[in-house]
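A structural walkthrough
One-letter residues, chain by chain:
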Amino acid sequence: MSENNNIEASQQETNDDEIKSGFYEIYVMGKRYKVPIGMTIMKAIEYAGYQFIRSCGCRAGFCGACSTVYRKEDEQKLNFALACQTLVEDGMYLVQIPFVPASKAKYDIDELKPEENTILSIYPEIARCVSCNTCTKSCPQDIDVMMYIQNALRGNIQKAAELSFDCIQCGMCAMRCPADIKHYHVGQLARRLCGKYLDEKSENLKVRLQEVLDGKYDKEIEELMTMDPDKVIEKYKSRSIEAAEEGKA
Amino acid sequence: MSTTSKKRKEIKILEKSDGKLADEILELSGENVYGCYQCGTCSSGCPFIEEMDLTPDEVIRFAVLDKKEVLESKTIWLCASCYTCAERCPRDLNITKIMEALRQILLRKNIDETQITELTDEEKKKIPQLAFVCLFRKNIG
Amino acid sequence: MAITEALGHKLIEMEKWNCCGVVASLTSDDLMHHLASIRNLIHVQDEGEDKVVVLCDMCTNTLKQTNLRVTESQDDLETLNEFMDKENEYKGNVTVIHFLEFLRDEVGFDVIKKKVKRPLKGLRIMPYYGCMLLRPAEVAIDDPEEPRILADLIKALGGEVVDTPYKIECCGSYHTIDQKDVTSKRAGKISTFGVDRGADCIMLSCPLCKYNLDTRGKEAESLIDGYHQIPVFYYTQLIALALGLDMEPLDLEGHAVDPIKILKERGIV
């Protein structure tokens, strides 16, 4: 989040008569700014003069750092979004949530068995779920959060992993839950259990790994490492884009 | 789960509160404790009577006399809400709801009876999930 | 499901459902704990049905009590519907019945009797009801003090009924987690009545009661001198055995107290 005391906003608070078309009014923690239409929330806050040193990451909707809580003027409902992905709207009241202090249980994935009660015994608080659906309503990725927690409670690890797949660990669900459930950690446990014990293993991967361990590619790698840089560039330019024939990989 | 000393301290603070127990119970449960005429039917049918420190009819008497020590009793947490007392009460008092009201007086002040982090039993893996849902619903606010 | 098909009926499994919450909210102002149940009833409504058959005793009790609360209080129903702004409104038209009610009222115990292939002859069974099916009286499926439904079922299956006064006592429910000795002693007390009257086994309908009487009952053997826990059956297991259905899904090996021995002794398996 921006450091207010160090960096001054380059835009002063606006007067009513200066509001031109082509600009929206937004409020960052209560202070009013006007920003050009068509920007994302993140860009708009930066336009207003703030510098993000927290609550900012990949800027591509994948890391979950820039969770934003906002309310529209004249509305009472709170909305949740990612600052780097959502466009500003007129009258948005914004605040960033850079960190969620959600506890994560310590476990050794190698010692766990994918049984019915496994997730429940590591995160017993999922039994407190009252099905209020606040988590689903807080998710910026439109995941059916309540359903995957219910599936984890029932012991359906695969369904929980499937439903929580798009989770980017932004933490909004855990912030609002009245039962103090840490949804994204539960989802991660489900996906880890599924990937390790329940999903089909890739046979091709096993074969390739064994080839590597047997040293099949050692000579090629050695050649490339000691090759003249110009020759490397030549080799790169003349590479084949199509898949190699069987046996020549 | 037994009461920890921290919880005892918090309950002591509650005892200094002004609200009369009977009024709070009425508001939370809709039941009027003054209707009890101490017949003892509830206690005779209660399955957990042997483990309790106060019997159910004593609990109601304490509530009528506004004795706040009732909030420290083991009884209100031993109650499993089996509804036997409520079914048999000749004054049609829903004692199950009265017990819940007493629990809620504590839970709503954030004084939980069970701490989730203290559950370490290996048996957690075998006990049906519904027992956990039930326990947390009753003992955590 | 196999049982219903064998009896000539069809039940459709729900596509979407969530945990009902196990206990109905007991305070006058607490509506949030009714949400889970209402959501399930909305799912039933959405799938175009108006009746739901519930397998678990505690769920039946919770769903019935919630249903009663919202049909009696229009205000509560409106508040709940408004809170769930993304779902359809619950109209209050769904009926909730327990599987035992289904077997008694819609199938009929005499129909079951006719379809029995392997009568449980010689097996002395103690019916155990617990709390949730019988109390509070507004949602009870049978008389709260003198229920007969399990006894009638046992007779239809060809078994002998052993009646005990503790058949309606609470098993201890969730105290199996935080005060398990209390539940062990309870299991001992309840089963002793049956043992003293010559029962071979217990038949019950609630999954938590089964865990308490079976697993905790076995632990009671170390708490009470000379006590031996008798095997505990879930009612559907005995129905399936009597109807001659496949024994594998019954998971008889998963019990804490071995039930197969007594079944062999009486010639049922």
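Residues numbered from 1 in each chain as written. Chains lettered and ligands numbered in written order. Predicted model: local features only at pLDDT ≥ 70, side-chain atom pairs only at ≥ 80, totals over all residues.

1. Focus on the overall build of chain C
- When you go through chain C residue by residue, the secondary structure sums to 12 helices and 6 strands.
- In terms of overall dimensions, chain C has C-alpha extents of about 60 × 45 × 30 Å along its principal axes.
- Within chain C, buried positions represent 48% of all 269 residues. (Helix = DSSP H or I, 4+ residues; strand = E, 2+ residues; numbered from the N terminus. Buried ≥ 20, exposed ≤ 12 C-beta atoms within 10 Å, placed from the backbone.)

2. Considerations on the overall build of chain A
- When you go through chain A residue by residue, the secondary structure sums to 10 helices and 5 strands.
- Here the contacts in chain A between residues at least 6 apart in sequence split such that 60% fall between residues at least 24 apart. (Contact = placed C-beta atoms within 7 Å.)

3. With respect to the domain arrangement of chain A
Residues and elements named next belong to chain A.
- By domain assignment, chain A separates into domain 1 (16-96) and domain 2 (109-198).
- Here the C-alpha centroids of domain 1 and domain 2 sit 30 Å apart.
- Opposite the 7 residues of domain 1 that make contact, domain 2 presents 7 residues.
- Top contributing element to the side of domain 1 that touches domain 2 by residue count: strand S4 (residues 79-82), with 3 residues. (Domains from an automatic or database assignment.)

4. What to know about the packing of helix H2 (residues 21-29) of chain B against helix H7 (residues 95-107) of chain B
Residues and elements named next belong to chain B.
- Following both chains from N to C, one finds H2 and H7 inclined at 110°, their axes separated by 9 Å at the closest point. Classed by the angle they form, the pair H2 and H7 counts as roughly perpendicular. Contacts between H2 and H7 involve Glu 24, Ile 25, Leu 28 and Ser 29 from the former and Lys 97, Ile 98, Glu 100, Ala 101, Leu 102, Gln 104 and Ile 105 from the latter. (Axes fitted to C-alpha atoms, helices over the stretch in contact; angles between N-to-C directions. Parallel < 35°, antiparallel > 145°, perpendicular 65-115°, else oblique.)

5. Things to note about unusual backbone geometry
- Here the amide bond leading from C:Arg135 into C:Pro136 is cis, since omega sits at -5°, within 30 degrees of zero.
- You can see C:Pro136 is positioned in the loop between strand S3 (124-128) and helix H7 (149-156).
- In the Ramachandran plot, A:Ser131 falls in the positive-phi region, its phi being about 60° despite a non-glycine side chain.
- Following the sequence through the fold, A:Ser131 ends up in the loop between helix H2 (118-122) and helix H3 (134-138).
- The exposure class assigned to A:Ser131 is buried, which follows from the 23 C-beta atoms found within 10 Å.

6. What to know about the interface of chain A and chain B
- In this assembly, 9 residues from chain A lie in contact with 10 residues from chain B.
- A class-by-class count of the residues in the side of chain A that touches chain B yields 4 nonpolar, 2 polar and 3 charged. (Nonpolar A, V, L, I, M, F, W, Y, C, P; charged D, E, K, R; others polar.)

7. A word on the packing of helix H9 (residues 180-196) of chain C against helix H10 (residues 207-223) of chain C
Residue and element names in this part refer to chain C.
- The contact between H9 and H10 brings their axes to 7 Å, and the two run at 95°. With respect to each other, H9 and H10 are oriented roughly perpendicular. Between H9 and H10, the contacting residues are Lys 180, Asp 181, Thr 183, Ser 184, Lys 185, Ala 187, Gly 188, Ile 190 and Ser 191 on the first element and Asn 212, Leu 213, Arg 216, Gly 217, Glu 219, Ala 220 and Leu 223 on the second.
- Its residues placed into classes, the contact of H9 with H10 shows 5 nonpolar, 6 polar and 5 charged.

8. Observations regarding the interface of chain C and chain B
- In this complex, chain C contributes 28 residues to the contact, which on the side of chain B involves 30 residues.
- Those elements that place two or more of their residues in the side of chain C that touches chain B are helix H8 (175-178), H9 and H10 of chain C.
- At 4 residues, the largest contribution of residues to the side of chain C that touches chain B is made by H8(C).
- Class assignment of the residues belonging to the side of chain C that touches chain B gives a composition of 16 nonpolar, 8 polar and 4 charged.

9. Some words on the pairing of S4(A)
All names here are of chain A.
- In the sheet, strand S3 (residues 67-72) pairs with S4 via 4 bridges, with the strands oriented antiparallel. Of the residues in S4, the one forming a bridge with Tyr 70 is Asn 79.
- What sits between the antiparallel neighbours S3 and S4 is a turn of 6 residues, in which Asp 74 has the positive phi angle 70°. (Pairing = 2+ DSSP bridges.)

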